[in-house]
Amino acid sequence: MKAPLLELRGLAGGYDPIQIFQDVDLEVPHDRAVGFFGPNGHGKTTLMKTISGVLEPWSGDVIFEGRRMNRAAERGSRRWRNFNYDAIIPRRMDPKAVARAGLIHVAQGNLLFPEMTVEETLSIAPIAAAGRAGGAAETKRRRDEVEALFPRLAERRRHKARYLSGGERQMLSIAAGLMAAPKLLILDEPTLGLSPRLRGELCDAIRQVRAGGVPLILIEQDVGFLKELIDVLYLFDHGRISRRLTRDEVPSHDRLMAMLFGERE
Amino acid sequence: MSLDTLLVVASGGLVLGAIYALMASGLAVVWTTLGIFNFAHGAFIALGAYLGWQLSHAEASGLGLLAGALGAVAAMFVIGVCFHYALVRPFERKANIVAASVITTLAGAAIIENGISLVWGPRSKQMPRLAEGDVALGPVVLSASDLVLLVTVAAILAGLGWFLGATRTGRSMRAVAQNREAAELMGLDVPRLYAVSFGLSAAMAGLAGLFVGSIRFMTPTMGADPLMKALIVVILGGVARFTSPIYAALIVGMVEAYSSYFLGLYWTPAVLFALMIAVLVLKPSGLFTSHQRTL
């Protein structure tokens, strides 16, 4: 039995001093996609930020391809909390190491770099793939794929991210994620706040990415779209995974809401 | 009042503006990337000048001006990186990094300035002129030294612009300045890029120090005045784009030259600060910006 691609063991975290989620155990097998569904403000995004190392985990482990990404040891003891010189008390988790290992997180509502053009942004995106899949030919091939996937971006190559529409920014974020040759791609509500037409366009692109064999963690509010793509759905509320459903077990949107909030009177 | 006089004053303003542009761009690189104000930038100027003097002057190592300048600038890069690791990096993850860095960079400035006093003594020194002779450009006669200065500054700033716009490291630095979290998620080495920014800024300050030392006397506290001017430049121009402090520096240089000539030397700071206050009241984000701070 091969180790899962990503494994979380008893992960807990939050924004010091407020804990947001706890006891998250999760396995993402190779070549699979998992989905997250749950109410806003219950910690899905915080959990993803902890997985990618932008926030430090308070306890528990993040294991990617059999390698533990965080340092052992519980969260810094009280005595050392104010003494956080990197050389002495290193970060518990380094987002750079996580990204370079191939776990790419496309953050929610990510504006990337407002004053940089599409071209410039995509030119630095392969840095996370350096040493893994960083050859020039490989990068060129991925670039062509990304441009085929998002023809709009190719048209807007010389535009700064600030002047792109919401949908185009989201496309740029995903494109930048793909340029990093992801082994696992986290998409955090990629269609949030988009018009139905753009939403459809973006969903098509995500379907293609998935069809290309990239494992996904997908956070979405649209159950129908989730069900199409994912193998396992986790219901996430109050900072915990409350239920695990396989694709066939995923019910309708109303039924799912009832599972989260209880039956309507 | 003849046209010639105006042109001569303008050429003086141009030289001042070029030095301020070099300083302010260095200051702006750290300000935009790390989000902190480096009060030791003035001390970097003095240190660069003294290192240059030490390496190039006939009474010291006597390597010649070019070798001395290159050596001083390279040494300043290393010193900038060390300064970052010792005095800024330890506080990087604290919420009050801005306040903490004010104190640590001021402390660093005091250490550097007093270190210079200790090593080279308080007596003022002077760098040799960059070149001898005069060059006539139409009606304006520039000293060859000023011309070398102007050409060098223009080349350095153009080089910086190219570095930030076209190289991967430069683009990464801009990315970190614009959105640190997204840059981290992209796998950029943020601490290293911060260190490079600091080193680059210190190297530019060191070069500015060499130029200041060649037109004025060098003292351990010689950086205080150019630092103040660079601060005015950065506030005046804003830092939205890498070119905005350069325009603002030319304005400040010109205003300084003309007000020194027509109003007198002692009125110049008052005029500059009045200008700064006016800009802060009317357009707090700077003359040449309509957007947020970035590189």
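Residues numbered from 1 in each chain as written. Chains lettered and ligands numbered in written order. Predicted model: local features only at pLDDT ≥ 70, side-chain atom pairs only at ≥ 80, totals over all residues. Heavy atoms only, no water.

A. Highlighting the packing of helix H5 (residues 144-166) of chain B against helix H6 (residues 168-178) of chain B. Residues and elements named next belong to chain B. For the pair H5 and H6, interaxial distance at closest approach is 5 Å and the crossing angle is 80°. Relative to H6, the element H5 is oriented roughly perpendicular. In contact with Phe163, Leu164, Gly165 and Ala166 of H5, H6 contributes Arg168, Thr169, Gly170, Arg171, Met173 and Arg174. Residues belonging to the contact of H5 with H6 are distributed by class as follows: four nonpolar, three polar and three charged. (Axes fitted to C-alpha atoms, helices over the stretch in contact; angles between N-to-C directions. Helix = DSSP H or I, 4+ residues; strand = E, 2+ residues; numbered from the N terminus. Parallel < 35°, antiparallel > 145°, perpendicular 65-115°, else oblique. Contact = heavy atoms within 4.5 Å. Nonpolar A, V, L, I, M, F, W, Y, C, P; charged D, E, K, R; others polar.)

B. Structural view of the interface of chain A and chain B. With 35 residues of chain A at the contact, the number on the chain B side is 28 residues. Both sides together, the interface formed by chain A and chain B hides about 2,900 Å², and carbon and sulfur atoms give 51% of it. Between Asp189(B) and Lys96(A) there is a salt bridge whose closest N-O contact spans 3.4 Å. At the surface where chain A touches chain B, the tally comes to eight residue pairs in polar contact (both at pLDDT 80 or more). Going through the elements one at a time, helix H2 (95-101) and helix H3 (118-124) of chain A are the ones with two or more residues in the side of chain A that touches chain B. Residues belonging to the side of chain A that touches chain B are distributed by class as follows: 18 nonpolar, seven polar and ten charged. (Buried area = accessible area lost by both parts, 1.4 Å probe. Salt bridge = Lys/Arg side-chain N within 4 Å of Asp/Glu carboxyl O. Polar contact = N/O pair within 3.5 Å; in protein donor to acceptor, adjacent residues only side chain to side chain.)

C. Molecular detail of the sheet that holds strand S2 (residues 18-28) of chain A. Residues and elements named next belong to chain A. Sheet architecture is open: four strands sit in the order S2-S1-S4-S5, paired in antiparallel fashion. The strands lining the two open edges of the sheet, one partner per strand, are S2 and strand S5 (67-68). Examined bridge by bridge, strand S1 (residues 6-15) and S2 share seven bridges and lie antiparallel to one another. Residue pairing for S2: leucine 11 is matched across the bridge by valine 24. Where helix H1 (residues 44-51) meets the sheet, it contacts S1, S2 and strand S4 (59-64), and its direction lies at approximately 115° from that of S1. (Pairing = 2+ DSSP bridges.)

D. Representation of the pattern of salt bridges in the model. Residues and elements named next belong to chain A. Overall, the coordinates contain 29 salt bridges over all chains when judged by the stated rule. Put simply, arginine 157 and glutamate 119 hold a salt bridge, and the shortest N to O gap is 3.9 Å. Placement of arginine 157 in the loop between helix H5 (151-155) and helix H6 (166-179) and of glutamate 119 in helix H3 is noted, with a sequence separation of 38 residues between them. Of the charged contacts, one joins glutamate 168 and arginine 152 as a salt bridge, the two residues approaching to 3.2 Å between their closest N and O atoms.

E. A look at empty space enclosed by the protein. Taken as a whole and assessed by the stated rule, the structure comprises two cavities of 30 Å³ or more. Space inside the largest cavity adds up to approximately 120 Å³. Forming the walls of the largest cavity are 15 residues, and the residues nearest its centre are Ile104(A), His105(A), Gly177(A), Leu185(B) and Met186(B). Taken together, the residues of the lining of the largest cavity sort by class into eleven nonpolar, four polar and no charged. (1 Å grid on protein atoms, 1.4 Å probe; cavity = no way out; pocket = protein on both sides within 12 Å on 5 of 7 lines; lining within 4 Å. Points joined across faces, edges and corners; volume = space filled by probe spheres on them.)

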